[in-house]
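A look at the structure
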Amino acid sequence: MNAATETIGRDLGRILQALAGLMFVSVLVPVVWGEYYAIPPLLVSGAIPFVLGYGMTSVFREAEYPGKLHGMIIAALGWLCVGVFGSTPFLLIAWTVELAPAVLNTPAQTSTLAAFTSPLNALFESMSGFTGTGLTMTDNEEVLPRTLQWWRTFSEWIGGVGVIVLTTAILARPGSGSLTLYESEARSEKIHPSIVSTVRSIWWIFILFTFISILILWLAGMPIWGAINHGMTGLSTGGFSITDNSIATYDSVAIDFALIPVMILGSIAFPVHYLMLRGELRNLYADLQTRWIFGFFSAGSILLTAMVYFNGTYDSAFTAFRYGLFQYVSAMSCTGFQTAVDSTNVALGRWPAEAQLTVTFGMVVGAAAGSTVGGIKLIRLATLLKGIRHRISDVFYPESAVRRLKIDGRRLTQEEASREFEEAAIIAFLWFVFLGLGMFVFLTILPAGEYTLENIVFEVASAQGNVGLSAGITGPSMPTLGKVMFLFNMWIGRLEIIPVLVLLRTLFSRGGLYQ
Amino acid sequence: MNVRDLPVVELVFESGAKDRVFDGLLLVGPLVIVAIAVLGRSAITIGIAAAYLGAFVLHVLQNALLGRP
């Protein structure tokens, strides 16, 4: 076995152990809610990654620190493994209820839970949870056991911050290896010089904000179980709900508006939160990404409100504003909570095409890098826009002119500007390539005439941006190829594509398929 | 025995915010949520939840005004 495999194996083992810990902690939920039949499957689900992880960590204990290549492979494989092993609670609880062993006193099977007897559906739900996407294979979340409602929420809450951030915080390991992994998980900014201190700060901020979010929602009128689950998934901008029609179930203006600050909290980068909590509130406007968040959220919401109001989708300007604001913030923060659903109002899939495409724009861009959101991220959009303007204006200056590109208060040299512009352009390009691939697959597999092109663009952008808003395409009855495509979209979306491509190139290269 | 020496409290003080108010809110948060879950919605629990949020907001504003944590 070579050194690279040992390094990757040791760190994957750590990630699996951390995942096992999450499952063991979750046993508290079936105990509290009296769902005793869910305890054995949950323990078995935790035991599998624990034994595997413990074995890998022990065998490869002496492995070297990961380099950049290893870090990317570990991040890509780690997230895939977490998705796969995180699916076992869905699978095993669904099969426990299906088989109904007399000793466990299981409840009656429901069609919603029965969907998870399919390993692909369980994997989809798990991957959607950990990547913070929120697209679901459930028909009716309300009838799920509380244990699974919690596991969906918990997976999104953990995934929002990052599996590797969690692993680094728990199994603290100072040194360059942790920094490499941290950066491979679509993060770059540090709060402190030490990576362990950085991830610990991220965690206390996240936990404190979770309590704040839960209490805001509860005060707005949400029952406490709903407030706990929606507070966690709202802050982590995941968007899983425990109700059948997402937030529309409550049909409450107060709850709709209470969720806006929760989603905004999740959209702002952790280093900025840290500074603001220490009293530097000027970061609300001084930090480029935070300033743009408020700018884009305001402009997008107003535009969307105007579109749905003047198209006659809603009767009153206030109703149009209520749904326009919520859907746009939910989309651009990549949360995916939905209030525009069929039972209480006009479904998103039947909004005017331009309104759906405006929401799609928000999903593709996302909010701040270094937060819990998906999408291309605002800093890349800023780099692309400022970079393009810089390149164009080059023509008007003499060749001897020394010019600096200024982004977010930093004055970049020509070389730095080229590197950052190139990176932003590559990720944006790859983003649209895989968006196109997803659209191609769905145009091929979906029955002709059932969904419009804007529905398909919307749904694929939602999966790849880790958003979770749905035009109605995603569900247990979706074709298998569609589920597999979305699994891939969610995976690359969470890791910003490059680590997954590095992994695939390495695998193909080893297999002799790529030369 | 010092309160800081208790297992969870020690962990929060070591890895937490290094700010007494935020550390306190981190420690009290789960208790507030459990109290709400057990006691339900009443004037007392609403008052506790509002006080928690108020303490957070006021402390952030205080930090901003004083220019230090």
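A short tour of the structure in this document, coming up. (Residues numbered from 1 in each chain as written. Chains lettered and ligands numbered in written order. Predicted model: local features only at pLDDT ≥ 70, side-chain atom pairs only at ≥ 80, totals over all residues. Heavy atoms only, no water.)

1. Let's talk about the nonpolar core
Proteins that are soluble and globular tend to have nonpolar side chains buried together. Core analysis: the largest hydrophobic core is formed by 175 residues, its most contacted members being Trp204, Leu259, Trp351 and Phe442 of chain A together with Phe22 and Phe56 of chain B. If we ignore the near neighbours within four places in the chain, the residues touching Trp204 of chain A are Tyr274 and Leu277 of chain A together with Ser15, Gly16, Ala17, Phe22 and Leu26 of chain B. (Core = buried A, V, L, I, M, F, W, Y, C linked by side-chain atoms within 4.5 Å. Buried < 20%, exposed > 50% of the residue type's maximum accessible area, 1.4 Å probe, protein only. Contact = heavy atoms within 4.5 Å.)

2. What to know about unusual backbone geometry
All names here are of chain A. Positive phi, normally seen in glycine, also occurs at Cys334, with a value near 60 degrees. The residue Cys334 is located in the loop between α17 (317–332) and α18 (353–365) in this model. Here Cys334 falls in the buried class, since its relative accessible area comes to 0%. One non-glycine residue, Asn466, lies in the positive phi region at around 55 degrees. Tracing the backbone through its elements, the reader meets Asn466 in the loop between α21 (453–464) and α22 (480–495). (Helix = DSSP H or I, 4+ residues; strand = E, 2+ residues; numbered from the N terminus.)

3. Here we look at the interface of chain B and chain A
Each side of the interface is counted separately: chain B has 27 residues, and chain A has 22 residues. Summing both sides of the interface, chain B and chain A together bury roughly 2,100 Å²; the carbon and sulfur share of this comes to 81%. Between chain B and chain A we count four residue pairs in polar contact (both at pLDDT 80 or more) in total. Going through the elements one at a time, α2 (20–39) and α3 (43–66) of chain B are the ones with two or more residues in the side of chain B that touches chain A. A per-element tally of the side of chain B that touches chain A places α3 of chain B first, with 11 residues. Residue composition of the side of chain B that touches chain A, by class: 19 nonpolar, six polar and two charged. (Buried area = accessible area lost by both parts, 1.4 Å probe. Polar contact = N/O pair within 3.5 Å; in protein donor to acceptor, adjacent residues only side chain to side chain. Nonpolar A, V, L, I, M, F, W, Y, C, P; charged D, E, K, R; others polar.)

4. Quick look at the pattern of salt bridges
Residues and elements named next belong to chain A. Going through the model one piece at a time under the given rule, you end up with 10 salt bridges over all chains. The salt bridge involving Glu496 is made with Arg380; its shortest N-O contact spans 2.9 Å. Taken together, the residues Glu496 in the loop between α22 and α23 (498–510) and Arg380 in helix α19 (residues 378–394) connect sequence positions 116 residues apart. Look at Glu496 and you get buried, because its relative accessible area is 7%. Here Arg410 ties to Glu420 by a salt bridge, and the two come within 3.0 Å at their closest N and O atoms. Of this pair, Arg410 sits in strand β2 (residues 410–412) while Glu420 is found in helix α20 (residues 414–445), placing the two residues 10 residues apart along the sequence. On the basis of relative accessibility, which here comes to 37%, the residue Arg410 falls in the partly exposed class. Connected via shared salt-bridge partners are Lys377, Arg380, Glu423 and Glu496. (Salt bridge = Lys/Arg side-chain N within 4 Å of Asp/Glu carboxyl O.)

5. Here's the deal with the packing of helix α11 (residues 195–219) of chain A against α2 of chain B
Between α11 of chain A and α2 of chain B, whose axes approach to 10 Å, the crossing angle comes to 40 degrees. Judged by the angle between their axes, α11 of chain A and α2 of chain B are oblique. Helix-helix and strand crossings are classified by hand; for α11 of chain A and α2 of chain B the assignment is left-handed. On α2 of chain B, the residues that touch Trp204, Ile207, Leu208, Phe211, Ile214, Leu215 and Trp218 of chain A of α11 of chain A are Phe22, Leu25, Leu26, Gly29, Pro30, Val32, Ile33 and Ile36 of chain B. Residue composition of the contact of α11 of chain A with α2 of chain B, by class: 14 nonpolar, one polar and no charged. (Axes fitted to C-alpha atoms, helices over the stretch in contact; angles between N-to-C directions. Parallel < 35°, antiparallel > 145°, perpendicular 65-115°, else oblique. Left-handed = near helix turned anticlockwise from the far one by under 90°.)

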